[in-house]
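Chains, contacts and geometry: an overview
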Amino acid sequence: QMSMVDHQENNSIDSDLSSNSSIGYSAEVIRLSDEVFQLQKEKQKLLEQIKFKDQVLAMLAHDLRSPLTASSLALDTLELLEEQSQKRQKTIKLKEQLYKQIKQQFHTMNLMITDLLQASKSINAKVSVKHQSVDLSLLLQEIVKDFSERLDQKKQKAKTDIPKDIPLVYGDPELIRQVIVNLLDNAVKYTPQGGIITLSILHRTMQKVQITISDTGPGIPGEKQEQIFEGHFRLKRDQQQDGYGLGLSLCRKIIQSHYGRIWVDSSDKGSCFHFTLPVYKQ
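These remarks concern the structure in this document.

Conventions adopted
Residues numbered from 1 in each chain as written. Predicted model: local features only at pLDDT ≥ 70, side-chain atom pairs only at ≥ 80, totals over all residues. Heavy atoms only, no water. Helix = DSSP H or I, 4+ residues; strand = E, 2+ residues; numbered from the N terminus. Buried < 20%, exposed > 50% of the residue type's maximum accessible area, 1.4 Å probe, protein only. Contact = heavy atoms within 4.5 Å. Areas by Shrake-Rupley, 256 points an atom, 1.4 Å probe, with all protein chains shown as cover. Pairing = 2+ DSSP bridges. Axes fitted to C-alpha atoms, helices over the stretch in contact; angles between N-to-C directions. Phe/Tyr/Trp six-rings, centres within 6.5 Å; stacked < 30°, edge-to-face > 60°. Lys NZ or Arg CZ within 6 Å of the ring centre and 35° of its normal. Salt bridge = Lys/Arg side-chain N within 4 Å of Asp/Glu carboxyl O. Expected span 1.5 Å × (residues − 1). Polar contact = N/O pair within 3.5 Å; in protein donor to acceptor, adjacent residues only side chain to side chain.

Overview of the overall build of the protein
- When helices and strands are tallied, the protein shows 7 helices and 7 strands.
- Reading the helices (α) and strands (β) of the protein from amino to carboxyl end gives α-α-α-β-α-α-β-β-α-β-β-α-β-β.
- Across the 282 residues in the protein, those meeting the buried criterion constitute 37%.
- The long-range share in the protein, meaning contacts at least 24 apart out of those at least 6 apart in sequence, stands at 76%.
- Carbon and sulfur atoms provide 54% of the accessible area of the protein, an area that totals close to 18000 Å².

As structure tokens, this is what we get:
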């Protein structure tokens, strides 16, 4: 017969086995729960990346309309000049300007198409930065000149404050151009007729240069000034606007890829968008 001691030992073994089984089961449940949680996080991240990619594609596709329209108008004007067969000096100069404009607009479209192709390659597409020295003063002046027609249409004035001793910055000139164009496009869009837009450069430290684009538009509420840089966020005033431009979320991504930061100061009398870029070290 089984002794009391043997019976107790068997019960103890059965209890230990049951306990170990329970612990093992609990550990497996915890592990699976962790895996499910990680998968849910990865799924959410992928959904956000897909949404951001779709926004970028829509933004760039919309922005292709502007240079395409400008080129079309320039060609129409050239056709009229040919029909009139005028050979005066003014006509020759105008033709040269129109040809130059068309060439620049086609160049802009080519860059945008390149961006579209890059963005469509992968939902994890990163900003590809080709670093070199950039003359911000020259770049800013070129962009303002390209916007002259739009500014004239709204009777707006663009003022520049660019010190002569501003150093070169280290970055990708085409990406920096995209950021400035987007910010200036928004400034023109939201500044009323006859308003003033100011573009300035400040050598903040030995390592950083700050670019500021200010407008006299309706401003941005304080509680929204950080949210506007999120890919999915739009102000109420933007709901009726046609298209997004390149978008402030993409601007932030570009500036962060240059080791800088972008932010806005705003009141009910306008907005000042600032961003920083590293100084070029020879």
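Further notes follow.
Some points on helix α7 (residues 248–257)
- Across the 10 residues of α7, 8 count as buried, placing the element largely inside the fold.
- Positive phi shows up at Tyr-259, right after α7, with a value of about 65°.

Comments concerning the sheet that holds strand β4 (residues 196–202)
- On the basis of which strands lie adjacent, the open sheet formed by 5 strands has the order β2-β4-β5-β7-β6 and mixed pairing. The open sheet has two edge strands with one neighbour each: β2 (157–161) and β6 (262–267). Neighbouring strand axes in the sheet, compared pairwise and without regard to direction, differ in orientation by 15° on average.
- Of the strand pairs in this sheet, strand β5 (residues 208–214) and strand β7 (residues 270–278) are connected by 7 bridges, and their pairing is antiparallel. Paired with Gln-210 across the bridge in β7 is Thr-276.
- Against the sheet, α7 contacts β6 and β7, and its axis sits at roughly 25° relative to β7.

Section: the pairing of β5
- Taken across its 7 residues, β5 has 6 buried, putting it largely inside the fold.
- Taken together, the 5 bridges between β4 and β5 define a ladder with antiparallel strand orientation. Considered in β5, the bridge of Ile-201 is made with Ile-211.

As for the packing of aromatic side chains
- Evaluated as defined, the whole model comprises 1 aromatic pair.
- Taking NZ or CZ as reference, Arg-261 lies 3.8 Å from the ring centre of Trp-263, over its face.

Looking at the pattern of salt bridges
- Per the counting criterion, the structure on display carries 5 salt bridges.
- When the shortest N-O distance is used, the salt bridge between Glu-142 and Arg-177 registers 3.1 Å. In this pair, Glu-142 sits in helix α4 (residues 136–146) while Arg-177 sits in helix α6 (residues 173–190), placing the two residues 35 residues apart along the sequence.
- Given a relative accessible area of 19%, Arg-177 falls into the buried group.
- Among the salt bridges present, the one from Asp-185 reaches Lys-189, with a minimum N-O distance of 4.0 Å. With Asp-185 and Lys-189 both in helix α6 and 4 residues apart, the pair spans about one turn of that helix.
- Look at Lys-189 and you get partly exposed, because its relative accessible area is 24%.
- Bridged by salt links that share partners, the residues Glu-142, Glu-174 and Arg-177 form one connected network.

Observations concerning the environment of Lys-130
- Its location among the elements puts Lys-130 in the loop between α3 (89–121) and β1 (132–134).
- Among the residues examined, Lys-130 registers a relative accessible area of 59% and is labelled exposed.
- Here Lys-130 is in contact with Gly-171, Asp-172 and Pro-173, once residues within four sequence places are set aside.

Describing α6
- Under the 1.5 Å per step criterion, the end-to-end length of α6 is 26 Å for 18 residues, consistent within 8% with the ideal 26 Å.
- Taken across its 18 residues, α6 has 14 buried, putting it largely inside the fold.
- Structurally, the start of α6 carries an N-cap: the backbone nitrogen of Glu-174 is 3.0 Å from a side-chain oxygen of Asp-172.

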